[in-house]
Amino acid sequence: MTAVHTDVREILPHRYPMLLVDHVLDVSPGEWVTAVKSVSRNEPWYRDGVDGPYPEVLLVESWAQAAGIVLGVRKPNPDVLSGQVMLFGSLADIEFHRPVLPGDVLEHRVRVSRAVGETVIFEGECVVRGELVFTVSRMVVAYRPAEQLRAAEGEKQT
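Each chain carries its own residue numbering, running from 1 in the written order of its sequence. It should be noted that, the model being predicted, local features are given only for residues of pLDDT at least 70 and side-chain atom pairs only at 80 or more, the latter also being counted only at that level, while totals for whole chains, interfaces and linings use all residues. Neither water nor hydrogens contribute to the side-chain values; these are computed over all heavy atoms in the structure.

**Some remarks on the overall build of the protein chain**
And step 1. For the purposes of this entry, the term helix denotes a DSSP run of H or I that reaches at least four residues, the term strand denotes a run of E that reaches at least two, and both are numbered from the N terminus. Counting secondary structure elements, the protein chain contains 2 helices and 6 strands.
And step 2. Ordered by position in the sequence, the α and β elements of the protein chain form the string β-β-α-β-β-β-β-α.
And step 3. In the protein chain, which comprises 158 residues, the proportion classed as buried is 38%.
And step 4. Where accessible areas are quoted, they stem from the Shrake-Rupley method and a 1.4 Å probe; at the residue level, only the protein chains shown are allowed to cover. Counting only carbon and sulfur atoms, one obtains 51% of the accessible surface of the protein chain, whose full area is about 8,900 Å². Note on classification: 1.4 Å probe, protein chains only; a residue is buried when its accessible area is under 20% of the maximum for its type, exposed when over 50%, partly exposed between these limits.

In structure tokens:
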């Protein structure tokens, strides 16, 4: 285990309103992380009196951001214009078990299942007060140098 970073902004490039991890509870760099996200009615998706469960796509995004911490804690890169950039590849066999409501505190548990070069496969789950919210059997990401992702000078971006 390593010293826990309390400011995830030092590791992830995301910012308000899309920074969806609040705190790292524990991490073993390159192996696993346990991170939390507190769901609040003050978030933009609940504006104008919108009520109901937290959007599932944001649950998955929050969990994926926690996955970024597993490797990012070794080489923090809060600037996507330099260094290694984490690119989402695919998500398979995800199962939702219960809705999440404002006031819930998500505990993301993410593990590296396999790493081959710059491609990493994650697995894990999310719980609220010990109750399973969703499980992820496989999420594939690739890490690429930022300079390879920028369009060449004069090249049109589409």
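Once you've had a look at it, read on.
**Some thoughts on the side chain of Gln65**
And step 1. One can find Gln65 in helix H1 (residues 56-72).
And step 2. With relative accessibility at 2%, the residue Gln65 sits in the buried group.
And step 3. Those residues in contact with Gln65 that lie beyond four places of it in its chain are Leu12, His14, Met18, Leu19, Leu20 and Val21. Contacts: residue pairs with any heavy atoms within 4.5 Å of one another.

**Structural notes on the pairing of strand S4 (residues 105-116)**
On any regular strand, side chains alternate: one points to one face of the sheet, the next to the other face.
And step 1. Two strands pair when backbone bridges link them, and strand S2 (residues 32-38) and S4 are joined in this way by 7 bridges, in the antiparallel orientation. Bridge pairing in S4 places Val33 opposite Val110.
And step 2. Across 9 bridges, the pairing between S4 and strand S5 (residues 119-128) is antiparallel. Across the sheet, residue Arg109 finds its bridge partner in S5, namely Glu125.
And step 3. Between S4 and the antiparallel strand that follows it, S5, lie 2 residues; Gly117 among them carries a positive phi value of about 60°. Strands qualify as paired when DSSP identifies two bridges or more between them.

**Observations concerning H1**
And step 1. By definition here, a helix of n residues has an expected span of 1.5 Å times n minus one. With 17 residues, H1 ought to run about 24 Å at 1.5 Å a step, and its terminal C-alpha atoms sit 24 Å apart, in line with that.
And step 2. The element H1 is largely enclosed, with a buried count of 13 among its 17 residues.

**Side note on the packing of aromatic side chains**
And step 1. Two rings from Phe, Tyr or Trp (for Trp, the six-membered ring) form a pair when their centres sit within 6.5 Å of each other. Planes less than 30 degrees apart are called stacked, planes more than 60 degrees apart edge-to-face, and all others tilted. A complete count under the given rule lists 1 aromatic pair for this structure.
And step 2. Between the aromatic rings of Phe96 and Phe134, the centroid separation amounts to 5.6 Å while the plane-to-plane angle is 45°, which identifies the pairing as tilted. Of the two residues, Phe96 is situated in strand S3 (residues 84-96) and Phe134 in strand S6 (residues 131-145); the sequence distance between them amounts to 38 residues.
And step 3. Over a ring means this: the NZ of a Lys or the CZ of an Arg is within 6 Å of the ring centre and within 35 degrees of the ring normal. Residue placement shows Arg41 over the ring face of Tyr46; its charged tip is 6.0 Å from the ring centre.

**As for unusual backbone geometry**
And step 1. Here the residue pair Tyr16 and Pro17 is connected by a cis peptide bond, since its omega of 5° sits within 30 degrees of zero.
And step 2. Mapping Pro17 onto the fold places it in the segment before strand S1 (23-28).
And step 3. Unlike most non-glycine residues, Asp93 shows phi in positive territory, near 55°.

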